[in-house]
Structures are given as C-alpha cells and as structure tokens.
Amino acid sequence: MPASRLRIATRKSPLALWQAGHVAQRLRAVHPGLTVELLPLSTRGDEVLDRSLAEIGGKGLFLKELEIALADDRADIAVHSLKDVPAHLDPQFELAAILARADCADAFVSNDFASLDELPQGAKVGTSSLRRAAQLRARRSDLAIADLRGNLGTRLAKLDRGDYAAILLAVAGLQRMGLAARIRSRLAPPDWLPAPGQAAIAVEARAGDDATAALLAPLDDAATRRTVTAERALGAALGGDCTLPLGAWCEIADAGALHLYGLLGDAQNGRLLRADAHGDDSKALGEAVARLLKERGADALLRTRV
C-alpha cells in the first residue's frame, strides 16, 4: 500500500526550507492526497560559524543530523543542496532523486562594483569556499580574500554594512530566495567552475526503501543525474573530501556525449590545474578527468594544501 505521509528532514536556514518546501510541493502535485511534513533540524555546519568549513570538517557537517533522523525513522527523506553532499555517501542511504538543475554559476555580488575586474587593488572579497578562493587568487592575486560564513541573509547583511567590497555566492540560491537583483555578474563555466552538483537539489532516502523511492521517482531528472554523477565521480576519485578546492562542470554535448571540465586549485597561491574530457559513461568520465589532473600534479597539490 502506498505511503500516505512523507516526513522531510531539512536544515533550518531559509534557503534549505525553500528547497524542502519545493520538494514537498512537487510531491503533492504528483501524488494527490499525500501528506508531506517538514522536520527542520539544526546541524553543526549551521551552528559553528566562527571557523571555516575546512577547519570543522567540511560540508558533510550539514548532513549528519539529517541522516540521523533518517536512521532513527524520524524522517523518511532529507533534502540537500547536492554540492553539500559528500562524494562518498554512507551505504545505508541513497540519493533517490536529483531534481533538474538550476543555474550553476557563481554570483559576483557588490553594492559598488559591477564585476570582479572592476574591483580596486587590494579590495576585500568574502567567500567560505576554497574553490572560489583559488579561482579568485588565480584571476586577481591582489585581492584580500576573507572567510564568510552564515546563511544567505547573514552574508548579504555583512556586505551591506561594509565588511566586504564584494562577496561570492551561488546564483541559484539568490534566485530561489527572490534575490536575483543582487547579482551584478555571473562567474560561469567553463572558464569559472562551480562545485560538483552545484544548483541541483538532492533527496536522500534510506537504501532499500522501495516505497519511498517510488514516490520520489517522478522528481528525478535523468539529464541532471547523468551530468552531476560525472562531477561527483571526479570528486570521489580525488578523495571525496568536501573541503577540496575542486571545481567540476559537465554538459551534454553533441550526439549525447558528456563533456566534463575539472579544476583543482590552491586557495593560498591561486595555482590551478585544469583538465577536461568527453565520454558516455558518467563514472568512467569522472575518473578519467581525475587521472588527467593527477598527471598534471594533483597529488602533489593535495599533499601540500592546508
């Protein structure tokens, strides 16, 4: 008998609640009569804001409490930004649905300057991402890059009170919160690479929960799953660490083949390693681009990163 109620574990931030609400709305639309409830939870990644994500263990800290709720049967599914989901998922869970991806670009946000190139010498730019910091240093080594934590509203408030000349955020997050007007310019692939899976919403469920998987199946976007699987396979082949300064972007090219671009950077000196390749199999393509990056010095860079 199909389930009549579905409980969604979610973080408490406004953006996370929007994403969970969006999944709930989609589920109600395809399953009339289904009761969908949200279970908002606080995660360590949300609570510890005085240190960088790399220092406290990476983006996986946004998942733990939600996965505990799944394991304890307090929730049936958990909704995440896919870029926050580690490349190696605990085998007791699975990504049962990946929704169609939004704009995966990064956003340059400033009250005084229209683009990264317009920033004056030594301007202070806020970001919590080692990937963004590495690409910033590669393009503008003169800038002062400072850590920026907190939810979307908190980050924008810090910009507005003058703490930074500019900040970098995800285009998709701003759009989802009705803040697209804050975007001064896009930092977009293939020149500027997003995080693996950026702008895709993922729905995590208990592995083997066939009834829940059946409810979620209509939400899964095959093209998005295919491309982000390649991006995540690249991350997994390089160690699967959410603190990696790793950029990845995959597109479906001519005749349906995949084209994956990868980037590994050094957030301290702006050194960037780049590689790209074509292929049909997502996992194999991710591993192939990882091998190319290793041939170009990725292992040495990973050993020396802080």
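Scope of this entry: the structure provided in the associated data block. All values reported here derive from a predicted model rather than from experimental measurement.

Parameters and conventions
Residues take numbers from 1 onward in each chain, read along the sequence in its written order. Per-residue local features are limited, in this predicted model, to residues with pLDDT of at least 70; the limit for side-chain atom pairs, both in listing and counting, is 80 or more; totals at the level of whole chains, interfaces and linings are taken over all residues. With hydrogens and water excluded, all non-hydrogen atoms of the structure serve as input to the side-chain values. Think of each axis as a best-fit line through the C-alpha atoms, taken over the contacting stretch in the case of a helix, with angles from 0 to 180 degrees between the N-to-C directions. Helix and strand definitions follow DSSP, with helices as H or I runs of at least four residues and strands as E runs of at least two, each counted in order from the N terminus. Under this scheme an angle from 65 to 115 degrees is roughly perpendicular, one under 35 degrees roughly parallel, and one over 145 degrees roughly antiparallel; angles in between are oblique. Crossings are sorted by hand: turned counterclockwise from the far helix by less than a right angle, the near helix makes the crossing left-handed, and turned clockwise it makes it right-handed. Residue contacts are counted whenever heavy atoms from the two residues lie within 4.5 Å of one another. Any residue that is not Ala, Val, Leu, Ile, Met, Phe, Trp, Tyr, Cys, Pro, Asp, Glu, Lys or Arg is counted as polar, Gly included; the first ten are nonpolar and the last four charged. Exposure is judged per residue with a 1.4 Å probe applied to protein chains only, and the accessible area is read against the type maximum: over 50% gives exposed, under 20% gives buried, and values in between give partly exposed. Centre distance within 6.5 Å is the pairing criterion for rings of Phe, Tyr and Trp, where only the six-membered ring of Trp is used; planes under 30 degrees apart are then read as stacked, over 60 as edge-to-face, and the remainder as tilted. Only Lys NZ and Arg CZ are tested; either one counts as a charge over a ring when it is within 6 Å of the ring centre and within 35 degrees of the ring normal. Between the first and last residue of a helix there are one fewer steps than residues, each counted as 1.5 Å, and that sum is the expected span. Criterion used throughout: strands pair if DSSP finds at least two bridges between them. Any pair of N or O atoms that falls within 3.5 Å is considered a polar contact. Within protein, one atom must be able to donate a hydrogen and the other to accept it, and sequence-neighbouring residues count only if both atoms are side-chain atoms. In this analysis a 1.4 Å probe is tested at points of a 1 Å grid over the protein atoms alone, and where it fits but cannot get out there is a cavity; an open set with protein on both sides within 12 Å along at least five of seven lines is a pocket; lining residues have an atom within 4 Å of a point. Grid points are joined across faces, edges and corners, and a volume is the space filled by probe spheres set on the points.

1. Quick word on the packing of helix α9 (residues 222-237) against helix α10 (residues 282-295)
α10 packs onto α9 with a crossing angle of 40 degrees between their chain directions and a minimal axis gap of 7 Å. As far as their axial angle goes, α10 and α9 are oblique. In this structure, α9 meets α10 at a crossing whose hand is right-handed. Of α10, the residues touching α9 (which contributes Arg226, Thr229, Ala230, Ala233, Leu234 and Ala237) are Ser282, Lys283, Gly286, Glu287, Val289, Ala290, Leu293 and Lys294. The class makeup of the residues in the contact of α9 with α10 is seven nonpolar, three polar and four charged.

2. Regarding the environment of Gln268
Inspection of the secondary structure puts Gln268 in the loop between β12 (258-265) and β13 (272-279). A relative accessible area of 53% means that Gln268 is categorised as exposed. Between the C-alpha atoms of Gln268 and Ser141, which are 127 residues apart in sequence, the distance is 9.8 Å.

3. Overview of the packing of aromatic side chains
Applying the stated criterion across every chain yields a total of one aromatic pair. Measuring from ring centre to ring centre gives 5.5 Å for Trp249 and Tyr261, while their planes differ by 25 degrees; the resulting arrangement is stacked. Remark: Tyr261 occurs in strand β12 and Trp249 occurs in strand β11 (residues 246-252); sequence separation between them is 12 residues. Tyr261 shares its class with Trp249; the two are buried. Across the ring face of Tyr164, the terminal group of Lys124 is positioned such that the distance to the ring centre comes to 5.2 Å.

4. Considering helix α1 (residues 14-30)
Since there are 3.6 residues in each turn of an α-helix, residues three or four apart along the chain are aligned in direction. Helix length check: α1 (17 residues) gives 24 Å between terminal C-alpha atoms against 24 Å at 1.5 Å per residue, within 8%. Those residues of α1 that are buried are in contact with β1 (5-11), β2 (35-41), β3 (77-81), α7 (171-176), β10 (201-206) and α8 (210-216).

5. A look at the sheet that holds β12
If you walk across this open sheet you meet the three strands as β11-β12-β13, and the pairing is antiparallel. Across the chains shown, the open sheet's two edge strands, defined by having one partner strand only, are β11 and β13. Neighbour-to-neighbour, the strand axes of the sheet open up by a mean angle of 10 degrees, direction not taken into account. Alignment of β12 against β13, held across eight bridges, turns out to be antiparallel. Along β13, the bridge assignment pairs Leu264 with Leu273. In the packing of α9 onto the sheet, the strands contacted are β11 and β12, and the crossing angle to β11 comes to about 150 degrees. The sheet strands contacting α10 are β12 and β13, and the helix crosses β13 at an angle near 145 degrees.

6. A look at the sheet that holds strand β5 (residues 106-109)
On the basis of which strands lie adjacent, the open sheet formed by five strands has the order β7-β6-β8-β5-β9 and mixed pairing. Either end of the sheet is taken by a strand with one partner, and the two such strands are β7 (144-146) and β9 (185-187). Between one strand and the next, the sheet's axes are offset by a mean angle of 30 degrees, whatever the strand orientation. Relative to strand β8 (residues 166-170), β5 runs antiparallel, the two sharing four bridges. Counted as the bridge partner of Phe108 is Leu168 from β8. Sitting on the sheet, helix α5 (residues 130-139) is in contact with β5, β6 (124-126), β7, β8 and β9, with an inclination near 130 degrees to β8. Where helix α6 (residues 152-160) meets the sheet, its contacts fall on β5 and β8, and the angle it forms with β8 comes to roughly 160 degrees.

7. Structural notes on the pairing of β3
The buried fraction of β3 is high, at five of five residues. Burial of β3 is two-sided: the residues Ile77, Val79 and Ser81 facing one way and the residues Ala78 and His80 facing the other way are all buried. Two elements, β1 and β3, share two bridges in a ladder whose sense is parallel. The residue of β3 that forms the bridge with Ala9 is Ala78. Summarising the sheet, β3 and β10 pair through five bridges and their orientation is antiparallel. When the bridges of β10 are listed, Ser81 appears paired with Ile201.

8. Observations concerning the environment of Asn269
Structurally, the position occupied by Asn269 is in the loop between β12 and β13. With 71 residues separating them in the primary sequence, Asn269 and Gln198 have C-alpha atoms 24 Å apart. One polar contact links the side chain of Asn269 to the main-chain amide nitrogen of Arg271, over a distance of 2.8 Å.

9. Comments concerning the layout of surface pockets
With a probe scaled to a water molecule rolled over the atoms, the places where space remains empty come into view. Approximately 290 Å³ is the volume found for the second largest pocket. Along the walls of the second largest pocket sit Ala87, His88, Leu89, Leu95, Ile98, Arg225, Thr229, Arg232, Ala233, Ala236, Lys283 and Glu287, which together make up its complete lining. Take the lining of the second largest pocket: its biggest share by element is five residues, from α9. Taken together, the residues that form the lining of the second largest pocket break down as six nonpolar, two polar and four charged.

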